[in-house]
Amino acid sequence: MAGYAPVVLHGLWVTIAICAASTLLGLAAGLAVELTRQHVRSLRVLCRVYVEGLRGAPILILLFLLYYAAPGLGLVLDPETAGVIGLGLYNGAYFAEIFRAGFESIPKGQVEAASSLGLSPLRILTRVKLPQMPALILPPAVNQVIILIKDSAVLSIITVPELTKETSKIINETFAIAEPLLVLALLYWALVEGVSQLGLKSERRLTRYLKRTEEGTRCS
Amino acid sequence: MDLGLIIGSLPALARGAAMTLFVSLTAIALGLVLGMLLSFARMSENRWLSAAARFYISALRGIPILVLLLMVFYLLPAVGLEAPPLVAAIAALTLNTAAFQAEIYRGGFAVIPPGQIEAARVLGLGETRIKTRILIPQVIWLVTPALVNEIIVLLKNSSLVSVIAVTELMRVSQQLVSKTYKPTEVYLAACLLYVLMNLCLSALGSRLRRRIGGASAGGRP
């Protein structure tokens, strides 16, 4: 069984790489959708269709559409690309809602103060709103990344050589069932726990300034 | 786009959707019982029981549902339990949702004022009766919005049981594709059916949320 360690490690690496890429794509798509529906009134309906549609569909069917149906429309994707696009866009719908909550939690007074100081809307966005975003969205975003990691197991069905796929290959070759599945479950659990610990740590880091300003006001 | 094909395959897809609903609702109902027991175990004063429940909840929330499904499907026969795919599917979904529901109920129990339990004790009600007559009815009502959310998540997750050959919506559409070679039409139709079911559920959820008035309990985001 130990001889299969490199196979499992390779699968783990693919899973991590795919999750990282999908998270980046998802964050970008989510932010783009949220900014579009804030500023472009005419595209609001389209954004709504995107968010409601993708949140209402299982990830598996989206992957099938991308991998099996898209070639019929002239779009041929290899499994990894289809997987990253599918996972990324699917989670983009959730990230859009997370960004919305983030923007909503910025006090109105800040925006009013900035615009009365003569800052343009673009500068208010890039200098006032966006810099606060990481601290505001971190807890729900980490939660979403955890869901994304677990959903990435589904990519094995469209033959992406990630952790679950590589492990099922071992099962098929060795006919050992219990050990590979147990290792698989433990690896996912460890991955998820690791990300959630990392999230807690960076949450403490990112919100440190809040505590500092509190102390600052108390001193003055 | 072949609209005739979509219309022709609707009866089969509808049968698949009915199976999807059956699997999901059965798992939710069984998960309700198991989740409630787990949340009581988690809040129990017995340290071992509480630790065991915490371990279960943490582990089951950390394992992808596809992996859990494979474990149930392959490991049950290995220990001598021959389970048909449908049973394995419902078992796996139940084990998963129970862990998430346990956290939902814990959030619900935390909202109930402790004064109610003290008052019930003073009136001489036993601990079991306090649970079944006072706590559980209120908690179920309080957490309905979160529970509807959980049904949506579970309904989407139920598409994975197609992997072990349960003929629900996903599996039916795969079968249709292998017969007709028209993946675009069939998968789009199936996708729309899923979205439709979930839009109905989320409309129900927001109605309930308005009636209950923002009593929010934990659960999946």
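Residues numbered from 1 in each chain as written. Chains lettered and ligands numbered in written order. Predicted model: local features only at pLDDT ≥ 70, side-chain atom pairs only at ≥ 80, totals over all residues. Heavy atoms only, no water.

Visitor: Explain the interface of chain B and chain A to me, please; I cannot follow it from the model alone.
Guide: Quoted interface sizes are often the accessible area lost when the parts come together. The interface is formed by 32 residues belonging to chain B together with 35 residues belonging to chain A. Run the count over chain B and chain A and you get 0 salt bridges. Counting across the interface, chain B meets chain A through 7 residue pairs in polar contact (both at pLDDT 80 or more). Counting residues per element, the ones that place at least two in the side of chain B that touches chain A are helix H2 (47-62), helix H3 (65-78), helix H8 (169-180) and helix H9 (183-212) of chain B. Element by element, the count of residues in the side of chain B that touches chain A is highest for H9(B), at 10 residues. (Contact = heavy atoms within 4.5 Å. Salt bridge = Lys/Arg side-chain N within 4 Å of Asp/Glu carboxyl O. Polar contact = N/O pair within 3.5 Å; in protein donor to acceptor, adjacent residues only side chain to side chain. Helix = DSSP H or I, 4+ residues; strand = E, 2+ residues; numbered from the N terminus.)

Visitor: What should I look at first to understand unusual backbone geometry in this one?
Guide: Comment: phi is negative for the bulk of residues other than glycine, and the bulk of peptide bonds are trans. Residue A:Phe175 is not a glycine yet carries a positive backbone phi of 60°. Mapped onto the elements, A:Phe175 comes out in the loop between helix H8 (163-174) and helix H9 (178-206). Residue classification places A:Phe175 among the exposed positions, given a relative accessible area of 70%. For B:Tyr181, which is not a glycine, the phi torsion comes out positive at approximately 55°. Structurally, B:Tyr181 is set in the loop between H8 and H9. (Buried < 20%, exposed > 50% of the residue type's maximum accessible area, 1.4 Å probe, protein only.)

Visitor: Quick question: what am I supposed to make of the pattern of salt bridges here?
Guide: Pairs can form between side chains of opposite charge whenever their charged atoms are close. Residue and element names in this part refer to chain A. For the structure shown, the criterion picks out 7 salt bridges over all chains. The shortest N-O distance in the salt bridge between Glu 97 and Arg 100 comes to 2.9 Å. Placement of the pair is Glu 97 and Arg 100 together in helix H4 (residues 79-104), with a separation of 3 residues, close to one helical turn. The partner of Glu 166 in a salt bridge is Lys 169, with the nearest N and O atoms 2.8 Å apart. Here Glu 166 and its partner Lys 169 are both found in helix H8, 3 residues apart, which amounts to about one turn of the helix. Look at Glu 166 and you get buried, because its relative accessible area is 6%.

Visitor: Would you take a moment to explain the side chain of A:Thr164 for this structure?
Guide: With respect to the element layout, A:Thr164 can be found in helix H8. Taking relative accessible area as the criterion, A:Thr164 reaches 1% and is therefore assigned buried. Non-local contacts of A:Thr164, meaning those with residues more than four positions away in its chain, are made with A:Ala153, A:Ser156, A:Leu184, A:Tyr188, B:Leu66, B:Val67 and B:Leu70.

Visitor: So what exactly am I meant to see when it comes to the state of the cysteines here?
Guide: Between two cysteines, a covalent bond joining their sulfur atoms is known as a disulfide. Residue and element names in this part refer to chain B. According to the stated counting rule, one finds 0 disulfides over all chains in the structure shown. Summary of cysteine pairing: Cys 200 is not part of a disulfide, and the nearest cysteine sulfur, belonging to Cys 191, is at 15 Å. Classification of Cys 200 as exposed rests on a relative accessible area of 53%. (Disulfide = S-S within 2.5 Å.)

Visitor: Help me out: how do you make sense of the packing of helix H1 (residues 3-43) of chain B against H2(B) in this one?
Guide: The relative placement of two packed helices comes down to the angle between their axes together with the axis-to-axis distance. Residues and elements named next belong to chain B. Where H1 contacts H2, the axes come no closer than 7 Å and their chain directions differ by 130°. With respect to H2, the element H1 is oriented oblique. Crossing angle aside, the handedness with which H1 passes H2 is left-handed. In this structure, H1 contributes Leu 34, Leu 38, Ala 41 and Arg 42 to the contact, and H2 contributes Leu 49, Ser 50, Ala 53, Arg 54, Tyr 56 and Ile 57. The residue makeup of the contact of H1 with H2, split by class, is 7 nonpolar, 1 polar and 2 charged. (Axes fitted to C-alpha atoms, helices over the stretch in contact; angles between N-to-C directions. Parallel < 35°, antiparallel > 145°, perpendicular 65-115°, else oblique. Left-handed = near helix turned anticlockwise from the far one by under 90°. Nonpolar A, V, L, I, M, F, W, Y, C, P; charged D, E, K, R; others polar.)

Visitor: Just to check I follow, could you spell out the environment of A:Arg127 for this structure?
Guide: All names here are of chain A. By the element assignment, Arg 127 lies in helix H6 (residues 121-129). Arg 127 gets classed as exposed once you look at its relative accessible area, which sits at 56%. For the pair Arg 127 and Ala 114, spaced 13 residues apart in the sequence, the C-alpha separation amounts to 9.5 Å.

Visitor: Explanation requested: the nonpolar core in the structure shown.
Guide: Across soluble globular proteins, you tend to see nonpolar side chains buried next to one another. By size, the foremost hydrophobic cluster in this structure holds 116 residues, and its most contacted members are A:Ile61, B:Leu13 and B:Leu169. Examining the composition of this core, we find that 11 residues originate from one element, H4(A), more than from any other. Not counting residues up to four positions away in its chain, the partners in contact with B:Leu13 are B:Leu169, B:Val172, B:Ser173, B:Leu176, B:Ala189, B:Ala190 and B:Leu193. (Core = buried A, V, L, I, M, F, W, Y, C linked by side-chain atoms within 4.5 Å.)

Visitor: Help me out: how do you make sense of the confidence of the model for chain B in this one?
Guide: Note: predicted coordinates in regions of low pLDDT should not be interpreted at a detailed level. In this model, chain B carries an average pLDDT of 91, and 96% of its residues clear a pLDDT of 70 or more. Reported for the predicted complex are a pTM of 0.89 and an ipTM of 0.87. (pLDDT = per-residue confidence, 0-100.)

Visitor: Would you take a moment to explain the packing of aromatic side chains for this structure?
Guide: Remark: the centre distance and the inter-plane angle together describe each pair of aromatic rings, the angle taken between the planes. Applying the stated criterion across every chain yields a total of 7 aromatic pairs over all chains. Look at A:Phe64 and B:Tyr187: their rings are 5.3 Å apart centre to centre, the planes differ by 70°, and that puts the pair in the edge-to-face class. Of this pair, A:Phe64 sits in helix H3 (residues 59-69) while B:Tyr187 is found in helix H9, placing the two residues in two different chains. Across this residue pair, the class does not change: A:Phe64 and B:Tyr187 are buried. Linked through ring pairs, A:Phe64, A:Tyr67, A:Tyr68 and B:Tyr187 together constitute an aromatic cluster. Above the face of the A:Tyr94 ring, A:Arg55 is positioned so that its terminal group lies 5.7 Å from the ring centre. (Phe/Tyr/Trp six-rings, centres within 6.5 Å; stacked < 30°, edge-to-face > 60°. Lys NZ or Arg CZ within 6 Å of the ring centre and 35° of its normal.)

Visitor: Would you mind going over H6(A) with me for this structure?
Guide: Since the α-helix advances by 3.6 residues per turn, residues separated by three or four positions end up pointing in the same direction. All names here are of chain A. Residues Ile 124, Leu 125, Val 128 and Lys 129 constitute the buried set of H6. Projection of H6 onto a plane perpendicular to its axis shows the buried side chains occupying an angular sector of 115°, all on one side. Facing away from the buried side of H6 by over 90 degrees, the exposed positions are Leu 122 and Arg 127. (Arc of directions from axis to C-beta.)

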